Amino acid sequence: MIPIYLIYDNKGNRYGAYRSLKEAIVAKARIENNLREKDELKDIELKIIYSR
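Residues numbered from 1 in each chain as written. Predicted model: local features only at pLDDT ≥ 70, side-chain atom pairs only at ≥ 80, totals over all residues. Heavy atoms only, no water.

Q: I would appreciate a short explanation of the sheet that holds strand E1 (residues 2–9) in the present structure.
A: Each strand in a sheet pairs with its neighbour through backbone hydrogen bonds, running either in the same direction (parallel) or in the opposite one (antiparallel). Read from one edge to the other, the open sheet built from three strands follows the order E2-E1-E3, with strand pairing classed as antiparallel. Each having just a single partner strand, strand E2 (14–18) and strand E3 (44–51) make up the two edges of the open sheet. The average angle at which neighbouring strand axes cross in this sheet is 20°, direction not considered. Of the strand pairs in this sheet, E1 and E2 are connected by four bridges, and their pairing is antiparallel. Paired with Tyr8 across the strands is Arg14, a residue of E2. In the packing of helix H1 (residues 21–37) onto the sheet, the strands contacted are E1, E2 and E3, and the crossing angle to E3 comes to about 150°. (Pairing = 2+ DSSP bridges. Helix = DSSP H or I, 4+ residues; strand = E, 2+ residues; numbered from the N terminus. Axes fitted to C-alpha atoms, helices over the stretch in contact; angles between N-to-C directions. Contact = heavy atoms within 4.5 Å.)

Q: For this particular structure, what's the right way to read a nonpolar patch on the surface?
A: Among the surface-exposed residues, Met1, Ile48 and Tyr50 lie close enough to one another that they form a single nonpolar patch of about 400 Å² accessible area. Along the chain, Met1 falls in the segment before E1. For Met1, a relative accessible area of 76% corresponds to the exposed category. (Patch = residues over 30% accessible without salt bridge, like charges linked within 9 Å, V, L, I, M, F, W, Y side chains within 5 Å. Areas by Shrake-Rupley, 256 points an atom, 1.4 Å probe, with all protein chains shown as cover. Salt bridge = Lys/Arg side-chain N within 4 Å of Asp/Glu carboxyl O. Buried < 20%, exposed > 50% of the residue type's maximum accessible area, 1.4 Å probe, protein only.)

Next comes the structure, spelled out in structure tokens:
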């Protein structure tokens, strides 16, 4: 099974899916920084799902 890391906010908006945890963490930080600049910071979460 292949892990897939989803990035989403508390409203259910998805921002991306990554196969590498390292890439997902970097992307999550980049998304948080972009939203902070726009004063739209939300609770961004990282969720692990598995695919075949």
